[in-house]
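Analysis of the macromolecular model
In case you want the letters, here they are:
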Amino acid sequence: MNSVSIAFAFKLSVTAHHFPTGWAPLHSLKFQFLPKSSPSRSLFSTRASFSSSSAPAMVKAIRVYELGGPEVLKWEEVEVGEPKEGEIRVKNKAIGVNFIDVYFRKGVYKAAAFPFTPGMEAVGVVTAVGPGLTGRQVGDVVGYAGMPMGSYSQEQILPASAVVPVPPSIDYSVAASVLLKGMTVHMLLRRVFKVEAGHTILVHAAAGGVGSLLCQWGKALGATVIGTVSTEQKAAQAIEDGCDHVIISTKEDFAAKVNEITEGKGVDVVYDSIGKDTFKGSLSTLKSRGFMVSFGQSSGAPDPLPLSELASKSLFLTRPSLMQYTATRDELLQAAGELFTNIASGILRVRVNHTYPLSEAARAHADLEARKTSGSIVLIPDN
């Protein structure tokens, strides 16, 4: 709630809601006498508040009423309420686009209800804070990645516990493009399988938003990085990002090539975001006791796998979700902190290669699914 407070000598305060001049008619005043135990109570203390009957704030957002292709993303007005206890309202400045947004749009992942606003990553400025909230204030620049879904909007209400402060040295678009992807990479390299010097890792979609960061961070950790891409242009980017070996999977069998590169030894870990088209081949590239990390399925869900197929090399298979690795406030702040530190130190170079107006989110989704993009995609809210 936007408010104006005026403190009198006897601690009478007046709070105005959407009142242009900061004054209100006397009949709208509401007095609350504080209990004797209140730390803010003196010999005489009251609190007065008033509100106007102004219309609810309306903003533009993307809404989904049915599952389907990019065409189901509708641009329309929605109401944004006032933040409740523990919440903040944020005016988004830049919104990250991720493949998980496509999954929700198509029904691979189930939205809680229809219609819904997609999007799980944004950076913006706090415009209002809920009652009693400390630690956040109007004007703060914050970012979030994960739940709640709904970032494809000019403004949104968020739990204060879900946001992290964005350093002033990092541009809105850069932060919005990297927070979800970067914390995912932190999870993959530092939590799911802790990559160290001497490891050999295989990264699919090495020129994508997550893949690019995986290659850079993995190389900085001392790993030998093998990346797969679909075009010569993307191969050049993957090499720039630290790939020691790049395989153009549209031209050669990636599994056979990995076997050749590793001289039959295999890799320690595979990071596979493609799914159906690469899953079986990825398993075959692992060395004994290797880790198969499946964290996406851009080509569709992998075929069912009998557990017995893991036995011949005692393989590990996991399907991690970032939300389970940032479940506590400390985990969230640690992941974001390490990410921002690596950006500031130059270990990670963030490529915001594609920007679209928020109203054209459908075009951004179409280009992403057609593999016309590389690096990160950002939506900029229309004025």
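Scroll up to find the structure this text is about.
Just so we're clear, the structure is a prediction, and the values are computed from it rather than from any experiment.

**Let's talk about the packing of helix α1 (residues 99-106) against helix α9 (residues 361-369)**
Orientation of α1 relative to α9, taken along the N-to-C sense of each, is 105°, at an axis distance of 11 Å. As the angle between them shows, α1 and α9 are arranged roughly perpendicular. Between α1 and α9, the contacting residues are Phe99, Asp101, Val102, Arg105 and Lys106 on the first element and His365, Leu368 and Glu369 on the second. Across the contact of α1 with α9, the residue classes tally to three nonpolar, one polar and four charged.

**Section: the packing of aromatic side chains**
Counting across every chain of the model gives six aromatic pairs. Taken together, a centroid distance of 5.5 Å and an interplanar angle of 55° make the contact between phenylalanine 99 and tyrosine 103 tilted. Of this pair, phenylalanine 99 and tyrosine 103 both sit in helix α1, four residues apart, which is roughly one turn of the helix. Given the relative accessible area of 6%, tyrosine 103 is considered buried. Within the aromatic cluster, the residues linked to one another by ring pairs are Phe99, Tyr103, Phe104 and Tyr109.

**Looking at helix α3 (residues 209-220)**
Residues spaced three or four apart along an α-helix point in a common direction, a consequence of the helix completing one turn every 3.6 residues. Compared with an ideal rise of 1.5 Å per residue, which puts 12 residues at 16 Å, α3 spans 17 Å between its outermost C-alpha atoms and is within 8% of the ideal. With 10 of 12 residues buried, α3 is to be regarded as a mostly interior element. Along α3, the positions that sit buried rather than exposed are Gly209, Val210, Gly211, Ser212, Leu213, Leu214, Cys215, Gln216, Trp217 and Gly218. Looking one or two residues beyond α3, the residue adopting positive phi is glycine 222, at roughly 100°.

**Some points on the pairing of strand β13 (residues 224-229)**
Extensive coverage of β13 is indicated by the burial of five of its six residues. Of the strand pairs in this sheet, β13 and strand β14 (residues 245-248) are connected by four bridges, and their pairing is parallel. Within β14, the residue paired with isoleucine 226 across the bridge is histidine 245. As for the winding sense of the linkage, the β-α-β connection from β13 through helix α4 (residues 232-240) to β14 is right-handed.

**Observations regarding the environment of glycine 143**
Along the chain, the position of glycine 143 falls in strand β9 (residues 141-145). Measuring from C-alpha to C-alpha, the distance between glycine 143 and valine 123 comes to 4.2 Å, with 20 residues separating the pair along the chain. In this structure glycine 143 touches Ala122, Val123, Ala162, Val163, Val164, Val166 and Leu179, once residues within four positions along its chain are discounted.

**Notes on the packing of helix α2 (residues 172-192) against α3**
One can describe the packing of α2 onto α3 by two numbers: an axis separation of 9 Å at closest approach and a directional angle of 50°. Relative to α3, α2 is oriented oblique. Of the two elements, α2 crosses α3, and the hand of that crossing is right-handed. Contacts from Val178, Lys181, Gly182, Val185, His186, Leu188 and Leu189 in α2 reach Gly209, Val210, Leu213, Leu214, Trp217 and Gly218 in α3.

**Describing α4**
Here α4 has its buried residues at Lys234, Ala235, Gln237 and Ala238. Projection of α4 onto a plane perpendicular to its axis shows the buried side chains occupying an angular sector of 165°, all on one side. The outward face of α4, more than 90 degrees from its buried face, is lined by the exposed residues Gln233, Ile239 and Glu240. On the buried face of α4, the contacting elements are α3, β13, β14 and β18 (352-357). Immediately beyond the C-terminal end of α4, within one or two residues, lies glycine 242, with a positive phi of roughly 110°.

Rules used throughout
- Residues numbered from 1 in each chain as written.
- Predicted model: local features only at pLDDT ≥ 70, side-chain atom pairs only at ≥ 80, totals over all residues.
- Heavy atoms only, no water.
- Axes fitted to C-alpha atoms, helices over the stretch in contact; angles between N-to-C directions.
- Helix = DSSP H or I, 4+ residues; strand = E, 2+ residues; numbered from the N terminus.
- Parallel < 35°, antiparallel > 145°, perpendicular 65-115°, else oblique.
- Contact = heavy atoms within 4.5 Å.
- Nonpolar A, V, L, I, M, F, W, Y, C, P; charged D, E, K, R; others polar.
- Phe/Tyr/Trp six-rings, centres within 6.5 Å; stacked < 30°, edge-to-face > 60°.
- Buried < 20%, exposed > 50% of the residue type's maximum accessible area, 1.4 Å probe, protein only.
- Expected span 1.5 Å × (residues − 1).
- Pairing = 2+ DSSP bridges.
- Right-handed = clockwise from strand over helix to strand, strands pointing away.
- Left-handed = near helix turned anticlockwise from the far one by under 90°.
- Arc of directions from axis to C-beta.

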